[in-house]
Amino acid sequence: MPIAPFEIRRGEAGCRRNQLIDPRAGLVRADVEDDFHHFWVEIEHDGERVLAMRAGAVRWPWSICPAAGTFLAERMTGARLDALAQVDSPYSHCTHQHDLALLAAAHALDEEPTLLSSFSSDRVEPTRTAELYRNGEPVLSWEIAGSDIVSPGVGHGLSLRRLKEWEGMLSPSDREAARVLRRTIFISGGRFFDYAQTPTADKIAASAGACYTFQPERSAEGVLTMERRDFSEGGVPLRERIEAVAADRN
């Protein structure tokens, strides 16, 4: 299915996130952009193993985030594409680049690009709305009270915070969708956080150990450098990348 940039719920306050996976012969690249992040990961492979990995940071929240890409590549080079999740705990890495690496590996042998577009509303009363689209087509919609899914369908009555306990009952496609949308929901909380009170990462005690930057051996070195974007009133994350890949595929 062709990919194209599109806006989700223009005018409604919330977090918007695009992830684009572009597979080619022996090479796959994945990009992500949202309010707080813009990263990419590229994997060279032989169909079974990672031969080389490169990662880049375009926009990031903490000064040491870019170094996480080098660490990720060192750890995952040589691993099987279908076993990247077992290489390390995601908390040892930039979780967003780790997610990208797993998405890239899962789609490495696809013939066409995949665009995953997600939204999580700022509104939380009576429930929060969250949606995921695959190549512009809706695939998952949740209404969430706290961390519990209250809408019918995938995950009804279950907690997002316990996803690992119930995702095994889902199809591979639904499991991917649930993981991607859950991440967007969780990072959307950053829209309400007062970063002015946290000049260095070690000042956020609740996030200790949560990712590469927040590991205790380096968190005091992580200086806030965030350049936030808000796509609520228009604009599409990764627009230029999406348009470039779409044009190249036509």
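Since the model is a prediction, treat every value here as computed from it, not as a measurement. (Residues numbered from 1 in each chain as written. Predicted model: local features only at pLDDT ≥ 70, side-chain atom pairs only at ≥ 80, totals over all residues. Heavy atoms only, no water.)

Colleague: How should the sheet that holds strand β6 (residues 128-134) be read in this particular structure?
Modeller: Sheet strands line up and pair through hydrogen bonds in the backbone, either parallel or antiparallel. The sheet built from 8 strands is open, its strands ordered β4-β3-β2-β1-β5-β6-β7-β8 with antiparallel pairing. On the outer flanks of this sheet lie β4 (50-59) and β8 (148-149), each paired with one strand and no other. As judged from the 8 bridges shared by strand β3 (residues 38-45) and β4, these two strands associate in the antiparallel manner. When the sheet's bridge partners are listed, His45 is paired in β4 with Val50. Docked against the sheet, helix α2 (residues 95-106) engages β1 (14-24), β2 (27-33), β3, β4 and β5 (114-121), running at close to 40 degrees with respect to β3. Lying over the sheet, helix α5 (residues 239-249) contacts β1, β2 and β5, oriented at roughly 30 degrees with respect to β1. (Pairing = 2+ DSSP bridges. Helix = DSSP H or I, 4+ residues; strand = E, 2+ residues; numbered from the N terminus. Contact = heavy atoms within 4.5 Å. Axes fitted to C-alpha atoms, helices over the stretch in contact; angles between N-to-C directions.)

Colleague: Whenever I open this one, empty space enclosed by the protein confuses me. Can you help?
Modeller: Space left empty within the atom packing is revealed by a probe, the size of a water molecule, rolled over the atoms. Counted by the stated rule, this structure contains 1 cavity of 30 Å³ or more. Of the pockets and cavities examined, the largest cavity occupies roughly 50 Å³. Around the largest cavity, the lining residues are Phe6, Glu7, Ile8, Arg16, Arg17, Asn18, Ser117, Ser118, Gly235, Val236 and Pro237. Secondary structure elements with two or more residues in the lining of the largest cavity: β1 and β5. In terms of residues, the lining of the largest cavity owes the most to one element, β1, which gives 3 residues. Broken down by class, the residue content of the lining of the largest cavity amounts to 4 nonpolar, 4 polar and 3 charged. (1 Å grid on protein atoms, 1.4 Å probe; cavity = no way out; pocket = protein on both sides within 12 Å on 5 of 7 lines; lining within 4 Å. Points joined across faces, edges and corners; volume = space filled by probe spheres on them. Nonpolar A, V, L, I, M, F, W, Y, C, P; charged D, E, K, R; others polar.)

Colleague: Just checking my understanding: could you explain the nonpolar core for this structure?
Modeller: For soluble globular proteins, the rule of thumb is that nonpolar side chains tend to be buried together. Ile43, Met53, Leu84 and Trp142 are the most contacted members of the largest nonpolar core, which totals 49 residues. With sequence-adjacent residues up to four places away left out, Ile43 is seen in contact with Gly26, Leu27, Val28, Val50, Ala52, Met53, Leu81, Leu84, Ala101, Ala104 and Ala105. With 8 residues, the next largest nonpolar core counts Ile3, Val236, Leu238 and Ile242 among its residues. (Core = buried A, V, L, I, M, F, W, Y, C linked by side-chain atoms within 4.5 Å. Buried < 20%, exposed > 50% of the residue type's maximum accessible area, 1.4 Å probe, protein only.)

Colleague: In this structure, what is going on with the pattern of salt bridges? I would like to understand it.
Modeller: Should their charged atoms come close, side chains of opposite charge can pair. Applying the stated criterion across every chain yields a total of 26 salt bridges. One network of salt bridges, with partners in common, ties together Asp22, Arg24, Arg29, Asp31, Arg241, Asp248 and Arg249. (Salt bridge = Lys/Arg side-chain N within 4 Å of Asp/Glu carboxyl O.)

Colleague: Hey, could you run me through the packing of helix α1 (residues 67-76) against α2 in this one?
Modeller: Each packed pair of helices is defined by two parameters, the angle between the axes and the distance between the axes. At a closest axis distance of 10 Å, the pairing of α1 and α2 adopts a crossing angle of 40 degrees. Considered as vectors, α1 and α2 are oriented oblique to each other. With respect to the hand of their crossing, α1 and α2 are arranged in right-handed fashion. Note on element contacts: α2 touches α1 through Gln97, His98, Ala101 and Leu102, opposite Ala68, Gly69, Leu72 and Met76. (Parallel < 35°, antiparallel > 145°, perpendicular 65-115°, else oblique. Left-handed = near helix turned anticlockwise from the far one by under 90°.)

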